[in-house]
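# Coordinate inspection notes
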Amino acid sequence: MTINKVDILLGLQWGDEGKGKVVDFLSRDYDIIARFNGGPNAGHTLEFNGMKHALHIIPSGICHQDKENIIGNGVLVEPCIFLEEIASLESKGFSPKNNLIISNKAHLILPTHRLMDAANEKSKGDKKIGSTLKGIGPAYTDKVARTGIRIGDIFEKDFFEKYNSTKTLHLNQIKALGFKVEDFKIADKALEDYEKEWFKSLEELKKFNIQNTEYYINNAINNGKKILAEGAQATMLDIDFGSYPFVTSSSTISAGVCSGLGIAPTCIGRIYGTTKAYCTRVGSGPFPTELFDEMGEKLCEQGHEYGVTTGRKRRTGWLDLVALKYACMINGVTDLMLMKIDVMDNFETVKLCEKYSLDGTQIDYIPYSMSSANLSPVYTEYDGWLTNVSKIREFEDLPKNMKTYIKAIEDKTGIRVSLISVSPDREDTIFRNK
Ligand code: GDP
Ligand code: IMO
Ligand code: MG
């Protein structure tokens, strides 16, 4: 008996590795692209034919009209943001309504979840997570507390009753934190104004193809369809294995695919892990290889490291192989996808963090607390390649020094770099699997 496999593409660092680009690139080989976690905190960028698209909730296969795209049960849907994405795709000539299916078990982000996010962050002061303030933490909290509202509920008679009781809960929590509802805005609007838009968007959402996608996906697997699961956020932001508490609230790792889509572990095939050729992080939390000098500035400027969802400047640093090896282990990565290596095209030297020094001892594992002031990176320095690589299509044609850098990553992780991305454009990609 042959078991058809679901391949996974996910982030191995602190997000924004370039997952959107790779999913869009790989979509040609798949029938279905399915998001399994996160929500509008994600910002996945696709670039092709001179156009740029930012996606938040909708899977990155959506621009391929012959591919099905699924928003799985593990995802959070915010109706207003979702409809803005639909409108933006339609304005560019796509018809996302024709190739999008939404799980009836995906949870909704309510307007008050977004207020709660703002209140929680404000109450933490300088210990704030640096949340995208899209309501992610509070909505997943309600899911686990069994007070959440699922998309399927919008068709039920008691929907308003459920909505109002959850809203009351939130308003009380905001009060208990010492704030007034008026202290916060949602997308620059007061709660009542935003709520009106939210309910209007909900009516539109009802017209989409909403179903129990776990059946749809499993039937597709049994019928020989090829499925790519698309992760949001990344391993170092995972609720269990990330740099807790500076993490997101979902399971971002390969194990999250099973619960986020409703498929068995035996269905999982290849696990593609994306990593930048350096590191970035947006929001608070530990980042051992962070650079505070002109090298860090250069990575930021040349990599255009500004958040897709919030516009915030991303923190930058050298590639952290200790964290990368950890992420490969947690996910069972079969292939590495090395992104944005072109950003370092004009660096005289580049560095790889191969170990940490903790209290004077060299270690090659992630310590329980990554925040220790006594934790510092141990680097190996490599010569830069000083060549523009963005139009190179064959691995063999890459500069020798870049190949040495890539080989070092492969040697240290024990995993083949199967894809090298050399510009934001879909076509500027070197795929080594063939
Ligand atoms: P995601 O969240 O993992 O999908 O990544 P983002 O879209 O948030 O951030 C990645 C950014 O890098 C986007 O602006 C992409 O267009 C861009 N990008 C992706 N791959 C490459 C690459 O190989 N080189 C360069 N220079 N930019 C890239
Ligand atoms: P993609 O899918 C980068 C970060 C936030 C914050 C923390 C918690 O584009 O890679 P949340 O809003 O989830 O409560 O924020 O996680 N974060 C991301 N950073 N890329 C993302 O998504 C992120 N989604 C959340 O900055 O530090
Ligand atoms: Mg992003």
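As shown above, the structure is provided for reference.
What you are looking at is a predicted structure, and each value in this text was computed from that prediction instead of being measured.

### Regarding the overall build of the chain
Of regular secondary structure, the chain possesses 11 helices and 20 strands. The C-alpha radius of gyration of the chain comes to 21 Å, within 12% of the 22 Å expected for a compact globule of 434 residues. Viewed in the frame of its principal axes, the chain has a C-alpha envelope of about 65 × 50 × 40 Å. Buried positions account for 57% of the 434 residues belonging to the chain. Sequence separation of 24 or more characterises 76% of the internal contacts of the chain that already satisfy a separation of 6 or more. Of the roughly 18100 Å² of accessible surface on the chain, 50% is carried by carbon and sulfur atoms. The averaged location of the 58 negative side-chain charges in the chain is 2 Å from the averaged location of its 54 positive side-chain charges.

### Focus on the site of ligand 1
Around ligand 1, the surrounding shell holds 20 residues, and the nearest of these are Lys19, Gly43, Thr45, Asp342 and Ser421. Within the side chain of lysine 340, an N or O atom sits 2.9 Å from an oxygen atom of ligand 1. Contact distances for ligand 1 include 2.5 Å between an oxygen atom and a side-chain N or O atom of serine 421. Isolated, ligand 1 exposes 580 Å² of accessible area, and the fraction of that covered by the protein chains is 93%. Put simply, the parts of the chain that give the shell around ligand 1 at least two residues each are helix 1 (19-26) and strand 3 (44-48). Across the shell around ligand 1, the residue classes break down as 5 nonpolar, 7 polar and 8 charged.

### Examining the state of the cysteines
Think of a disulfide as a covalent bridge from one cysteine sulfur atom to another cysteine sulfur atom. In this structure the tally under the stated criterion is 0 disulfides. Cysteine 279 provides the cysteine sulfur closest to cysteine 328, a residue in no disulfide bond, and the two sulfurs are 12 Å apart. When its relative accessible area of 7% is taken as the criterion, cysteine 328 is described as buried.

### Some remarks on the site of ligand 2
Lys19, His44, Thr132, Gln233 and Thr248 are the nearest of the 21 residues found near ligand 2. In this structure, lysine 19 approaches ligand 2 through a side-chain N or O atom, which is 2.7 Å from an oxygen atom. When its residues are assigned to classes, the shell around ligand 2 shows 8 nonpolar, 10 polar and 3 charged.

### What to know about the coordination of the magnesium ion (ligand 3)
Listed as protein donors to the magnesium ion (ligand 3) are Asp16 (OD) and Gly43 (O); their distances from the metal cover 2.0 to 2.2 Å. Taken as a pair, aspartate 16 in the loop between strand 1 (6-11) and helix 1 and glycine 43 in the loop between strand 2 (32-35) and strand 3 lie far apart in primary sequence, 27 residues in all. Residue class for glycine 43 comes out buried when judged on its relative accessible area of 12%.

### Digging into the environment of isoleucine 221
Looking at the secondary structure, you find isoleucine 221 in helix 7 (residues 213-222). Among the residues examined, isoleucine 221 registers a relative accessible area of 4% and is labelled buried. Residues isoleucine 221 and valine 6, spaced 215 residues apart in sequence, show a C-alpha to C-alpha distance of 7.8 Å. Excluding anything up to four places from it in sequence, isoleucine 221 contacts Asn4, Val6, Ile227, Ile263 and Cys267.

### Focus: the pairing of strand 5 (residues 68-71)
Strand residues, when the strand is regular, have side chains that alternate between the two faces of the sheet. Inspection of the sheet shows strand 2 paired to strand 5 by 4 bridges, in the parallel sense. What sits directly across from isoleucine 32, in strand 5, is glutamate 68. Bridge count between strand 5 and strand 7 (residues 100-103): 3 bridges; the pairing is parallel. Residue pairing in the sheet places asparagine 69 in a bridge with leucine 100 of strand 7.

### What to know about the pattern of salt bridges
The final tally for this structure, using the stated rule, is 25 salt bridges. A salt bridge links aspartate 16 to arginine 314; its shortest N-O distance comes to 3.0 Å. Of the two residues, aspartate 16 sits in the loop between strand 1 and helix 1 while arginine 314 sits in the loop between helix 9 (294-302) and strand 13 (315-317), which places them 298 residues apart along the sequence. A salt bridge links lysine 206 to glutamate 203; the shortest N-O distance between them is 3.2 Å. The class for lysine 206 is partly exposed, based on a relative accessible area of 29%. Residue class for glutamate 203 comes out partly exposed when judged on its relative accessible area of 42%. One continuous salt-bridge network, built from bridges that share partners, spans Asp16, Lys276, Glu305, Arg314 and Lys340.

### Here's the deal with the packing of aromatic side chains
The description of two aromatic rings rests on the distance between their centres and on the angle between their planes. Applying the stated criterion to the full structure yields 14 aromatic pairs. Ring centres 5.3 Å apart and planes at 45 degrees place the aromatic pair tryptophan 14 and phenylalanine 287 in the tilted group. Taken together, the residues tryptophan 14 in the loop between strand 1 and helix 1 and phenylalanine 287 in the loop between strand 12 (279-281) and helix 9 connect sequence positions 273 residues apart. The pair tryptophan 14 / phenylalanine 287 is uniform in exposure class, with both members buried. Where phenylalanine 82 meets phenylalanine 208, the ring centres are 5.0 Å apart and the plane angle is 70 degrees; that geometry is what we call edge-to-face. Taken together, the residues phenylalanine 82 in helix 2 (residues 79-91) and phenylalanine 208 in the loop between helix 6 (191-205) and strand 9 (209-211) connect sequence positions 126 residues apart.

The rules behind each value
Residues numbered from 1 in each chain as written. Chains lettered and ligands numbered in written order. Predicted model: local features only at pLDDT ≥ 70, side-chain atom pairs only at ≥ 80, totals over all residues. Heavy atoms only, no water. Helix = DSSP H or I, 4+ residues; strand = E, 2+ residues; numbered from the N terminus. Rg over C-alpha atoms; globule rule 2.2 N^0.38 Å. Buried < 20%, exposed > 50% of the residue type's maximum accessible area, 1.4 Å probe, protein only. Contact = heavy atoms within 4.5 Å. Areas by Shrake-Rupley, 256 points an atom, 1.4 Å probe, with all protein chains shown as cover. Lys, Arg positive; Asp, Glu negative; His and termini not counted. Charge placed at Lys NZ, Arg CZ, Asp CG, Glu CD. Near = heavy atom within 4 Å. Polar contact = N/O pair within 3.5 Å; in protein donor to acceptor, adjacent residues only side chain to side chain. Nonpolar A, V, L, I, M, F, W, Y, C, P; charged D, E, K, R; others polar. Disulfide = S-S within 2.5 Å. Donors = N, O, S within 2.8 Å, 3.2 Å for Na, K, Ca; no water. Pairing = 2+ DSSP bridges. Salt bridge = Lys/Arg side-chain N within 4 Å of Asp/Glu carboxyl O. Phe/Tyr/Trp six-rings, centres within 6.5 Å; stacked < 30°, edge-to-face > 60°.

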